[in-house]
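Listed below, chain by chain, are the residues.
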Amino acid sequence: MADNLHSQLVGWAKIILPMSALALLSTLFLFARDANTPDDAALAKAEEIAREQKVTAPEFAGVTDSGDIIIIAAKSAQPDVARPDTLQINDIRMRLDTTDGSFVEVTAVQGEVDGRARIASFLGLARLQTSNGYEMETNGLVAELQTGRVTSNGLLEIRAPFGALTAGMVTFQVETPEAGQQMLFTNGVRLLYEPITP
């Protein structure tokens, strides 16, 4: 009688215990699914991201008419709705490597690239640095991607190897590979010369 009861208990345990384990696992999965179910705010954010045409960390490269290499990188870029050929860019950076081995680097928080006109605009405070030791700040710059010419939009302050400069406008250009990079300061240039003492 005892052996028969023991056999029945073992038989029922073989059925009940696996079923209980399955029930516990199902409960765990249900709770986990409920905890990770996105709320309305998360779903709205996902829909907004899906609708927004934005590229993260884009990089554009090209060659000017004189053979200089231009690379434009950014944190993000998205098309301008009103101007289909224009990209709105955040944290824009440009590097111009000329054929004579010199370079110019330009950075700004905001910018635009007009693909049809082949122009990159650096909006707001723009910083420019050259390989020969010039550092500048100005309120906006325009770079012509076809020619490699870079022009400031207004007043700028310059730190040069020989002192400090202020000017109403500066233009960087490479007319020929033999002439190399040229900087033209115009519109009220003031120079504070600081001689290098030996």
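Being a predicted model, the structure only gives us computed values, none of them experimental. (Residues numbered from 1 in each chain as written. Predicted model: local features only at pLDDT ≥ 70, side-chain atom pairs only at ≥ 80, totals over all residues. Heavy atoms only, no water.)

**Looking at the overall build of the protein**
Scanning the protein from terminus to terminus reveals 2 helices and 14 strands. Residues classed as buried in the protein amount to 29% of the 198 residues present. In the protein, the share of contacts with a sequence separation of at least 24, taken over all contacts with a separation of at least 6, comes to 36%. (Helix = DSSP H or I, 4+ residues; strand = E, 2+ residues; numbered from the N terminus. Buried < 20%, exposed > 50% of the residue type's maximum accessible area, 1.4 Å probe, protein only. Contact = heavy atoms within 4.5 Å.)

**Overview of the packing of aromatic side chains**
Following the criterion strictly, the structure yields 1 aromatic pair and no others. Note on Tyr 134 and Phe 162: the rings are 6.1 Å apart at their centroids and 75° apart in plane angle, and the pair reads as edge-to-face. On the criterion of sequence distance, the pair formed by Tyr 134 in the loop between strand 7 (119–130) and strand 8 (135–144) and Phe 162 in the loop between strand 10 (156–160) and strand 11 (163–167) is long-range, its members being 28 residues apart. Judged by its relative accessible area of 29%, Phe 162 is partly exposed. A cation over an aromatic ring shows up here: Arg 95 above the ring of Phe 103, its NZ or CZ 4.1 Å from the ring centre. (Phe/Tyr/Trp six-rings, centres within 6.5 Å; stacked < 30°, edge-to-face > 60°. Lys NZ or Arg CZ within 6 Å of the ring centre and 35° of its normal.)

**Things to note about the nonpolar core**
Generally speaking, soluble globular proteins have nonpolar side chains that are buried together. Among the nonpolar cores identified, the biggest contains 30 residues, and Ile 72, Met 94, Phe 122, Leu 128, Met 136 and Phe 185 are the most heavily contacted of them. Contributions of two or more residues to this core are made by strand 3 (69–73), strand 5 (86–97), strand 6 (103–114), strand 7, strand 8, strand 10, strand 11 and strand 12 (169–174). For Ile 72, the contacting residues outside a window of four places in its chain are Pro 58, Glu 59, Phe 60, Ile 92, Arg 93, Met 94, Val 113, Ala 120 and Leu 145. (Core = buried A, V, L, I, M, F, W, Y, C linked by side-chain atoms within 4.5 Å.)

**With respect to the environment of Val 63**
Mapped onto the elements, Val 63 comes out in strand 2 (residues 59–63). On the basis of relative accessibility, which here comes to 52%, the residue Val 63 falls in the exposed class. What Val 63 contacts, discounting residues up to four positions off in sequence, is Asp 68 and Arg 118.

**Some words on the side chain of Thr 86**
With respect to the element layout, Thr 86 can be found in strand 5. Not counting residues within four places of it along the chain, the set of residues in contact with Thr 86 comprises Gln 78, Pro 79, Asp 80, Glu 112, Val 113 and Asp 114.

**Structural notes on the pattern of salt bridges**
Proximity of charged atoms lets side chains of opposite charge pair with each other. Summed over the entire model, instances satisfying the criterion amount to 8 salt bridges. Taken together, the shared-partner salt bridges in this structure form one network comprising Asp 80, Arg 83 and Glu 112. (Salt bridge = Lys/Arg side-chain N within 4 Å of Asp/Glu carboxyl O.)

**Focus: the pairing of strand 11**
Within strand 11, 4 of the 5 residues are buried, which leaves the element mostly enclosed by the surrounding structure. From the end of strand 10 to the start of strand 11, which pair antiparallel, there are 2 residues. (Pairing = 2+ DSSP bridges.)

**What to know about the confidence of the model for the protein**
Per-chain confidence: the protein averages 78 in pLDDT, with 69% of residues scoring 70 or above. Considering only residues more than four positions removed or in separate chains, one finds that residues 1–6, a stretch of pLDDT under 50, has 0 contacts. (pLDDT = per-residue confidence, 0-100.)

**Some words on the pairing of strand 3**
With 5 bridges connecting them, strand 2 and strand 3 associate as antiparallel partners. In the sheet register, Gly 62 faces strand 3, and the bridge partner there is Ile 70. Sheet topology note: the strand 3/strand 5 ladder contains 5 bridges and is antiparallel. If you follow Ala 73 over to strand 5, its bridge partner there is Arg 93.

**Describing unusual backbone geometry**
One non-glycine residue with positive phi stands out, namely Ala 57, at about 55°. By secondary structure assignment, the location of Ala 57 is in the loop between strand 1 (55–56) and strand 2. With relative accessibility at 53%, the residue Ala 57 sits in the exposed group. Phi at Asp 91 is positive, roughly 50°, even though this residue is not glycine. Assignment of secondary structure puts Asp 91 in strand 5.

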